[in-house]
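# Observations on the model geometry
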Amino acid sequence: MMWIELWVNGSERVAEVRPDETLLELLRDGLGLRGAKNACSEGECGACTVLLDGVPIDACIYAAPACAGRAVTTVEGLAHADGELTPLQRAFVDTGAVQCGFCTPGFLLTLHALLAENPTPTEEEVRRAMVGNICRCTGYAHILDAVAQVAGVKE
Amino acid sequence: MTSVLGRRVTRSDAEAKVRGSADYGVDVVLPGMVYGALWRSPVPAARVVAIDSEAAWRVPGVLALITGADVDNHPTGLALCDQPLFGWPVVRYEGEPVAAVAAETPESLEKALDLLHVEFVERPAITDVTSALSPDAVLVHPDWASYASPSGAEWPREGNVVCELLSDPGGVGEVFSSAAHVVRDVYRADRQYQAYLEPHAAVAEYNSGRFTLHVAHQFPFNVRDRVAHALGVGASAVRVVGHHIGGGFGAKLDVALEPYAALLARATGRPVRMENSRSEDLMTAQCRESAVVTISSALSASGDMLGCEFDVVFDSGAYAIDAPYLASIPMFAVGSVYRVDRTRVRCRAVYTNTAPTGAFRGVSGTYLVFAVERHLDHVARELGLDRRELRLRHLRRNGEKMLNGQTLADADILRECFDRAEEVAPFSSLGKGPYRGVGMAACVWLTNPLAGSAVLKLNEDGTIGLVTGATDNGSGAVTMGLRQIAAEEFGIGASDVLVTMPDTDVAGYDAGSQGSRTTRVVGMAVIAAAAQVRERVLSIASDHFEAAAADLEVVDGGVQVRGVPSRRLTLAEVAKLAASNGGPITGAGSYSTPLPNYSPTCATGFLFPAFPTPTYHLHVAEVEVEPLVGTVRVLRYIVVQEVGRVVNPTGVVGQIQGGVAQGLGYALWEWLESEGGRYRQRTFESYGLPLSVDVPRVEVVTLEHGDSDSPHGAKGVGEPPIVPVAAAVANAVSDAIGAEVDAIPIRPEAILEALGPLGASEHRE
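Residues numbered from 1 in each chain as written. Chains lettered and ligands numbered in written order. Predicted model: local features only at pLDDT ≥ 70, side-chain atom pairs only at ≥ 80, totals over all residues. Heavy atoms only, no water.

### A look at the interface of chain B and chain A
- Counting residues at the interface gives 54 residues for chain B and 47 residues for chain A.
- Here chain B and chain A share an interface that buries about 3900 Å² over both sides, 55% of which is from carbon and sulfur atoms.
- Looking at the side of chain B facing chain A, the largest losses of area belong to Val18(B), Leu197(B) and Arg697(B), adding up to 19% of the total buried there.
- Here chain B and chain A share six salt bridges between them. (Contact = heavy atoms within 4.5 Å. Buried area = accessible area lost by both parts, 1.4 Å probe. Salt bridge = Lys/Arg side-chain N within 4 Å of Asp/Glu carboxyl O.)

### Brief notes about the sheet that holds strand E24 (residues 564-570) of chain B
Residue and element names in this part refer to chain B.
- Reading across the sheet, the three strands line up as E22-E23-E24 and stay open at both edges, with antiparallel pairing between neighbours. Of all the strands in the sheet, just strand E22 (552-555) and E24 have a single pairing partner and so form its edges. Sheet twist, expressed as the mean angle between neighbouring strand axes with direction ignored, is 30 degrees.
- Bridging between E22 and strand E23 (residues 558-561) involves four bridges; their strand directions are antiparallel. Within E23, the residue paired with Leu552 across the bridge is Val561. (Pairing = 2+ DSSP bridges. Helix = DSSP H or I, 4+ residues; strand = E, 2+ residues; numbered from the N terminus. Axes fitted to C-alpha atoms, helices over the stretch in contact; angles between N-to-C directions.)

### Brief notes about the side chain of Thr352(B)
All names here are of chain B.
- Summarising the element assignment, Thr352 is placed in the loop between strand E15 (342-351) and helix H11 (365-383).
- On the basis of relative accessibility, which here comes to 0%, the residue Thr352 falls in the buried class.
- A polar side-chain atom of Thr352 sits 2.7 Å from a polar atom in the side chain of Asp315.
- Separated by 2.7 Å, the side chains of Thr352 and Thr354 make a polar contact.
- Residues within four places of Thr352 in sequence aside, it is in contact with Arg92, Ile126, Thr127, Asp128, Val129, Ala132, Val140, Arg191, Asp315, Gly317 and Ala318. (Buried < 20%, exposed > 50% of the residue type's maximum accessible area, 1.4 Å probe, protein only. Polar contact = N/O pair within 3.5 Å; in protein donor to acceptor, adjacent residues only side chain to side chain.)

### Some remarks on the state of the cysteines
All names here are of chain A.
- Applying the stated criterion to the full structure yields zero disulfides over all chains.
- Counting only cysteine sulfurs, Cys100 is the nearest neighbor of Cys137, a cysteine outside any disulfide, at a range of 3.8 Å.
- Classification of Cys137 as buried rests on a relative accessible area of 7%. (Disulfide = S-S within 2.5 Å.)

### What to know about the packing of helix H2 (residues 87-95) of chain A against helix H5 (residues 141-151) of chain A
All names here are of chain A.
- Where H2 meets H5, the closest approach of the two axes is 8 Å, and the angle between their N-to-C directions is 135 degrees. By the angle between their directions, the pair H2 and H5 is classed as oblique. Regarding H2 and H5, the two cross each other, and that crossing is right-handed. Residues Pro87, Leu88, Ala91, Phe92, Asp94 and Thr95 of H2 touch H5, and the partners they reach there are His142, Ile143, Asp145, Ala146, Val147, Gln149 and Val150.
- In the contact of H2 with H5, the residues fall into eight nonpolar, three polar and two charged. (Parallel < 35°, antiparallel > 145°, perpendicular 65-115°, else oblique. Left-handed = near helix turned anticlockwise from the far one by under 90°. Nonpolar A, V, L, I, M, F, W, Y, C, P; charged D, E, K, R; others polar.)

### So, the sheet that holds strand E4 (residues 90-91) of chain B
Residues and elements named next belong to chain B.
- Strand order in the open sheet formed by three strands is E4-E2-E6, with antiparallel pairing between adjacent strands. Two strands bound the open sheet, and with one partner strand each, they are E4 and strand E6 (117-122).
- Of the strand pairs in this sheet, strand E2 (residues 46-52) and E6 are connected by six bridges, and their pairing is antiparallel. Of the residues in E6, the one forming a bridge with Val48 is Phe120.

### Examining the pattern of salt bridges
All names here are of chain B.
- Here the structure, examined in full by the defined rule, presents 61 salt bridges over all chains.
- Between Glu423 and Arg420 there is a salt bridge; the shortest N-O distance is 3.4 Å. One end of the pair, Glu423, and the other, Arg420, are both in helix H13 (residues 413-424), three residues apart, so they sit about a helical turn from each other.
- The class of Glu423 is exposed, set by a relative accessible area of 61%.
- Here Asp709 makes a salt bridge to Arg520, at a shortest N to O gap of 3.8 Å. Taken together, the residues Asp709 in the loop between strand E30 (699-703) and helix H18 (725-737) and Arg520 in helix H15 (residues 518-545) connect sequence positions 189 residues apart.
- Look at Asp709 and you get partly exposed, because its relative accessible area is 33%.
- Assessed through its relative accessible area of 1%, Arg520 is described here as buried.

### Brief notes about the domain arrangement of chain B
All names here are of chain B.
- According to the domain assignment, chain B contains domain 1 (32-123) and domain 2 (291-447 + 598-755).
- Taken together, the contact between domain 1 and domain 2 spans 14 residues of the former and 18 residues of the latter.
- Here domain 1 and domain 2 share an interface that buries about 1200 Å² over both sides, 55% of which is from carbon and sulfur atoms.
- Arg678 serves as the salt-bridge partner of Glu94, at 3.8 Å between the closest nitrogen and oxygen.
- In the side of domain 1 that touches domain 2, the residues fall into nine nonpolar, one polar and four charged. (Domains from an automatic or database assignment.)

### Quick look at the side chain of His217(B)
Residues and elements named next belong to chain B.
- Its location among the elements puts His217 in the loop between strand E10 (210-215) and helix H6 (220-231).
- Owing to a relative accessible area of 2%, His217 belongs among the buried residues under this scheme.
- Polar contacts involving the side chain of His217 include one to the main-chain carbonyl oxygen of Asp254, which spans 2.9 Å.

### Description of the nonpolar core
- Counting 213 residues, the largest nonpolar core has Phe92(A), Phe310(B), Tyr637(B), Val729(B) and Val733(B) as its most contacted members.
- Core analysis: the second largest hydrophobic core is formed by 43 residues, Phe490(B), Val521(B), Ala525(B) and Leu552(B) among them. (Core = buried A, V, L, I, M, F, W, Y, C linked by side-chain atoms within 4.5 Å.)

### Side note on the domain arrangement of chain A
Residue and element names in this part refer to chain A.
- According to the domain assignment, chain A consists of domain 1 (2-77) and domain 2 (87-151).
- Put simply, the middle of domain 1 and the middle of domain 2, counted by C-alpha atoms, are 21 Å apart.
- With 16 residues of domain 1 in contact, the opposing surface of domain 2 contributes twelve residues.
- Carbon and sulfur atoms make up 69% of the area that domain 1 and domain 2 hide from each other, which totals about 1000 Å².
- Where domain 1 meets domain 2, there are zero salt bridges.
- Put simply, domain 1 and domain 2 have four residue pairs in polar contact (both at pLDDT 80 or more) between them.
- Here the side of domain 1 that touches domain 2 takes three residues from strand E3 (residues 49-52), the largest share from any one element.
- Per-class residue counts for the side of domain 1 that touches domain 2 are seven nonpolar, seven polar and two charged.

### Things to note about H18(B)
- Over its 13 residues, H18(B) runs 18 Å from end to end, which matches the ideal 18 Å to within 8%, given 1.5 Å per residue.
- Counting buried residues along H18(B), 13 of its 13 residues qualify, which places the element largely inside the surrounding structure. (Expected span 1.5 Å × (residues − 1).)

### Things to note about the packing of aromatic side chains
- One pass over the structure, following the stated rule, counts 14 aromatic pairs over all chains.
- Plain terms: the ring middles of Phe107(A) and Tyr140(A) are 6.3 Å apart, the flat faces sit at 50 degrees to each other, and that makes the pair tilted. Here Phe107(A) is found in helix H3 (residues 104-117), whereas its partner Tyr140(A) is found in the loop between helix H4 (123-129) and H5, with 33 residues between them in sequence. Accessibility assignment for this pair places Phe107(A) and Tyr140(A) in one class, buried.
- A connected cluster of aromatic rings, assembled from ring pairs, spans Phe332(B), Trp445(B), Phe606(B) and Phe611(B).
- Arg288(B) extends its terminal NZ or CZ atom over the ring of Tyr666(B), reaching a point 4.9 Å from the ring centre.
- Geometry around Trp671(B) places Arg747(B) over its ring, the cationic atom sitting 4.8 Å from the centre. (Phe/Tyr/Trp six-rings, centres within 6.5 Å; stacked < 30°, edge-to-face > 60°. Lys NZ or Arg CZ within 6 Å of the ring centre and 35° of its normal.)

Structure follows, in structure tokens:
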């Protein structure tokens, strides 16, 4: 076991982790942040997506010790401090982008990173950005609508 | 207040889901909770000779280790009691539970599972339906004759055939022998994994002789009954508490981990959490069955369909699960959309040493409609007829009967489906250009009639509490639809209807989220419950205003004297008055759809004899084949669907878009290949789910012919959008490459083989 310090959703956290512990295990079991989901444990489905220093990663295959000194953003850290949803979260609610919702946290973080880099993506760019996130319910169209609502996506 | 029906209303759980605070089955954590897992058979057929658990027990932290020798391992099951808790002493499929272990930590659990030693004698495995049906086949269940149905139902079954449906009106042979043309086809379909993102999980507690199970399940009352039966306790000894469901699509209707979690909780005295790894989940989910469909048509010289032989053999896997019911579905796949004079139907569900198959959205309809619609395209090509014209000529009309004798009073809607699709894009205008093609497919589907209930209570702040055992699997049927239907009864906003999560101790029985039943069946129960609440509201207001109840009306979240809006009480004020006038206001409603008339003698082995509240569907797919690699791109996808009444447009379009995406996966990318009784695909890495770049936006046309016996006319919506997809896509691919497509999924290898050596291909303009 080893101690690491990291920033999670803007707060400094100290955690004791195993050398082989994944970031997802640390978040869900160690820190009680259950928003990121484990659906495949192999980095295929993106349900565990979080931001590491602003970059989307699959937390289920990312080593927790490697996060020492770095900043992690989970779905719990997206809404503003006063609890107000981000425009993208609000758009997910409004457009029907959420059905069972198990993939939703991962999609939100992937798309949050996309929009930070490219505030007005084309629909093709949005589709490509989401290719590491699987949604089994929606067929993706309402998720595209959600992005379009906040980003004014170009045809 | 304007009506909330037909409007975009937000799901009540959406905000929690986007915040990451929604509590799914895998998120349940209880004080003192320990971890459980199953030791699953690595072989598909074997006899267990010995289980050496000594080393496993020595692992620090191990709390319980249970095998078939430690419990009453009597067989139970959904349709037939043929499935023991543990594969002991006989293992019948790879992945079958042989032992259940609980430990303080996941690490000691893993170690104990590694050290558990099970000695097998392997047996020859029956791995496909053809060998299962051979006369000298080894029986998967030598004791098949001793099994009984929990409902007492009986049907024809023998040896490896777990159910045989047979419908023969007579005279079919004569029609074939005198027909101008006979066209015969054999179609195959592989299995499909539901691939919900939340794997099966369960947390069980045992306290004072009762079990509490925390699950994310489509059918909590079935969990209650199945766990009670397997453990030999009364149903009231089991309480099932529902949490948010991370997708189900039919795979969360039967029990999975729940009975084992309950056993381990009782053995340890601690809450026990179990969760499938993705590989365990994929290997053991009750996926859509593989099948072989043989269809022959007898045709007149001008192409009239005079007779049909429809023979289906499907793989039930090692246990029956729901196969005896599914064996009836072929009766609704042929002769429902298109008129055929004489049709003989035979369907056999067959045991093999493979993972049991079960319910997946659209069940066997997906491959049965594929077979029927591919066959029609073949008939059209053989006789030189236009594919659309052939279909239009045979469409059922109002008042005609399906093979089961059930009258389709509104079958003219089929014609409207074809007309409306033509308005979106004329069929003859699509699929033009090299390696492009177009296909169409239609179906009639049901709205599941099974029972449901609801209790409404008028809260003291004027909001409505909705208590129901109905589950929202993600469709929005509870979190949008039922809230809207309740709100409509009181003229309030849907946000003023608060809905509970399912709890079998609290709510009345509900038959689960299956067959698009929730909005219709539970919606009717909600309306009945609301009528009781409204009656109390009117009675209290009548006392208050000293006016006859008939002169009062419930509008806009209050009750008022008709025509005198100033003489008005809000619902909150009525709730307060109720405290001293009869007590708190509640109402209860129940409903199940009566079965339509059908002919009970039309078939034997007919356990699912009618299609209540039928809906009508036409799908059109336009595709482009990449001739160098054999892949398929879907260019356009059009759905015309009869829904009765759009309760929530976001929900309807979401169900159709999502159902089509799953159907595209089934047709093109989701391969679940069984080899020697083992799946080749074990993870999401090898199982090809549709991605964001694969699925086009579906063009949706909804038809609204309200059903007078439905809540505001609403019929089932969620299940059928997957049903005709593989058929429409396969017809489009066949059109694109100018060759038959006879298997689902449509593999690039098959397309390349059909195209032949490059340059030799004449396809296609």
